[in-house]
Amino acid sequence: MSSAAASTDATPIATALPEGRDAKAFHRLVFVIIAVLLAVLPFILYPVFLMKVLCFALFALAFNLLLGYGGLLSFGHAAYFGMASYVTAYTAKVWGLTPELAILGGTLMAALLGLVFGALAIRRQGIYFSMITLALAQMVFFFSLQAKFTGGEDGIQAVPRGHLFGIISLADDRVLYALVAVIFFLGLLLIYRIIHSPFGQVLKAIRDNEPRAISLGYRANQYKLAVFVLSTTLAGLAGSTKAIVFQLASLTDVHWSMSGEVVLMTLVGGMGTVFGPILGSFVIIAMENYLAQFGAWVTIIQGFVFVICVLVFREGILGLVARTLKRPL
């Protein structure tokens, strides 16, 4: 295989396909389709299932921003997802904050944690960066296990959904779904804007050839830290929303397996694609829900699906579709 072919094969689908006016118009159409689906699906599928998919889709989108566009593989994203969940649950239940303030508090906690951990981890590259993020996430897990405010192995249960802005009751699943859908869609729009901004273009340059980007005068570490904090903040937003939806924050949210699950969602959907993680999240969550009767075998089935994706279409489901349509997704 020639070096040019190898380079093309290793390039994420998002950069392998050119983007122009036609691509932007196509993306606008995709956003319209997503908005229509968000409005229609709660009348077809169970709203709580959809809210779980949307929370994890936002989580996967945040992770994909770091991995697919920043080129940084984190094995510890559960730390930000879970800690934000704990903070949101605690402030809503104990302090009595309204849902929007509790979610904001959890998101800010994830941003602060990401800033501190990112400043430590960003000093290393490759597998060393990944191992540092995993080690830091394990510290968060054991802290969550021992700290009193987290409830230990019991977690924080019976978290009140409360009233949005002190007015709108979120007790009804459909009302809460509307809030979750708006948060997800705004998060998706923000990520799309980041990717297609000058900042996003520099990120892609650093990902593809960091020494060349540095030679052009870009401070690579500052850009990588910025995208790391953005990713952890959005992951925290997903975790905070999940705590309100399920009225629970538990050790599962900060466990290393949660970090592995978001990697799986991203790769199955399509790393480096804008919309791939959404599809990947739907596939994985649907498997967990509809194959629950198989018990522990669900994990084996997920592993089998992952192996098939890696062997048959390494670009992920949506990456393969984008390659077929010759349009960036």
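If you're wondering where the values come from, they're calculated on a predicted model, not measured in any experiment. (Residues numbered from 1 in each chain as written. Predicted model: local features only at pLDDT ≥ 70, side-chain atom pairs only at ≥ 80, totals over all residues. Heavy atoms only, no water.)

S.K.: Just checking my understanding: could you explain the overall build of the protein chain for this structure?
M.R.: From N to C terminus, the protein chain includes 15 helices and two strands. With 329 residues in all, the protein chain has 50% of them scored as buried. When contacts within the protein chain are restricted to residue pairs at least 6 apart in sequence, long-range pairs at least 24 apart make up 78% of them. Accessible surface for the protein chain amounts to roughly 15500 Å². Of this, 68% is attributable to carbon and sulfur atoms. Across the protein chain, 21 positive and 14 negative side-chain charges occur, with their mean positions spaced 9 Å apart. (Helix = DSSP H or I, 4+ residues; strand = E, 2+ residues; numbered from the N terminus. Buried < 20%, exposed > 50% of the residue type's maximum accessible area, 1.4 Å probe, protein only. Contact = heavy atoms within 4.5 Å. Areas by Shrake-Rupley, 256 points an atom, 1.4 Å probe, with all protein chains shown as cover. Lys, Arg positive; Asp, Glu negative; His and termini not counted. Charge placed at Lys NZ, Arg CZ, Asp CG, Glu CD.)

S.K.: What is the right way to look at the environment of Phe31 in this model?
M.R.: Checked against the element boundaries, Phe31 lands in helix α3 (residues 21-40). As for Phe31 and Phe185, which are separated by 154 residues in sequence, their C-alpha atoms are 8.9 Å apart. Discounting chain neighbours no more than four positions away, the residues touching Phe31 are Phe185, Leu188, Leu189, Tyr192 and Phe275.

S.K.: What's the story with the packing of aromatic side chains in this structure? I'm lost.
M.R.: Each aromatic ring pair is described using two quantities: the centre-to-centre distance and the angle formed by the ring planes. Per the counting criterion, the structure on display carries 17 aromatic pairs. Aromatic pair Phe31 and Phe275: ring centres 5.4 Å apart, planes at 75°, arrangement edge-to-face. Of this pair, Phe31 sits in helix α3 while Phe275 sits in the loop between α12 (256-269) and α13 (276-290), and the two are 244 residues apart along the sequence. Their ring planes at 65° and their centres at 5.6 Å tell us that Phe49 and Tyr290 sit as a pair that is edge-to-face. (Phe/Tyr/Trp six-rings, centres within 6.5 Å; stacked < 30°, edge-to-face > 60°.)

S.K.: Mind showing me how you'd approach unusual backbone geometry here?
M.R.: Most of the time, phi is negative for any residue but glycine, and the peptide bond is trans. In this model, Ala158 sits at a positive phi of 55°, which is unusual for a non-glycine residue. Mapped onto the fold, Ala158 is located in the loop between α7 (126-146) and β1 (163-164). Judged by relative accessible area, which is 59%, Ala158 ranks as exposed. You will see that Phe165, though not glycine, has its phi angle at about 55°, which is positive. Position of Phe165 relative to the elements: it lies in the loop between β1 and β2 (168-169). Given a relative accessible area of 56%, Phe165 falls into the exposed group.

S.K.: Help me understand the nonpolar core, please; the structure alone is not making it clear to me.
M.R.: Formed by 95 residues in total, the largest nonpolar core has its most connected members in Ile34, Phe184 and Phe275. The element that contributes the greatest number of residues to this core is helix α4 (residues 47-69), accounting for 19 residues. Apart from the residues lying within four places of it in its own chain, the contact partners of Phe184 are Ile34, Leu38, Leu54, Ala57, Leu58, Leu61 and Ile278. (Core = buried A, V, L, I, M, F, W, Y, C linked by side-chain atoms within 4.5 Å.)

S.K.: Is there a simple way to explain the environment of Gly70 in this structure?
M.R.: Note that Gly70 resides in the loop between α4 and α5 (78-93). Assessed through its relative accessible area of 6%, Gly70 is described here as buried. Residues Gly70 and Phe228 lie 158 residues apart in sequence; the distance between their C-alpha atoms is 8.2 Å. In this structure, Gly70 is in contact with Leu65 and Arg207, ignoring residues within four places of it in sequence.

S.K.: Any chance you could explain the packing of helix α8 (residues 173-195) against helix α11 (residues 220-246) here in plain terms?
M.R.: Each pair of packed helices gets described by two things: the angle between the helix axes and the distance between those axes. Two numbers describe how α8 lies on α11: the axes approach to 11 Å, and their chain directions differ by 175°. In terms of axis orientation, α8 runs roughly antiparallel to α11. On α11, the residues touching Leu176, Val180, Ile183, Leu190, Ile191 and Ile194 of α8 are Leu230, Leu234, Leu237, Thr241, Ile244 and Val245. Looking at the contact of α8 with α11 residue by residue, the classes come out as eleven nonpolar, one polar and no charged. (Axes fitted to C-alpha atoms, helices over the stretch in contact; angles between N-to-C directions. Parallel < 35°, antiparallel > 145°, perpendicular 65-115°, else oblique. Nonpolar A, V, L, I, M, F, W, Y, C, P; charged D, E, K, R; others polar.)

S.K.: In this structure, what is going on with the pattern of salt bridges? I would like to understand it.
M.R.: Any two side chains of opposite charge can pair, so long as their charged atoms come close to each other. Following the criterion strictly, the structure yields five salt bridges and no others. For the salt bridge of Arg207 with Asp208, the shortest nitrogen-to-oxygen distance reads 2.9 Å. Put simply, Asp253 and Lys242 hold a salt bridge, and the shortest N to O gap is 2.9 Å. Taken together, the positions of Asp253 in the loop between α11 and α12 and Lys242 in helix α11 put the pair eleven residues apart, joining distant regions of the chain. (Salt bridge = Lys/Arg side-chain N within 4 Å of Asp/Glu carboxyl O.)

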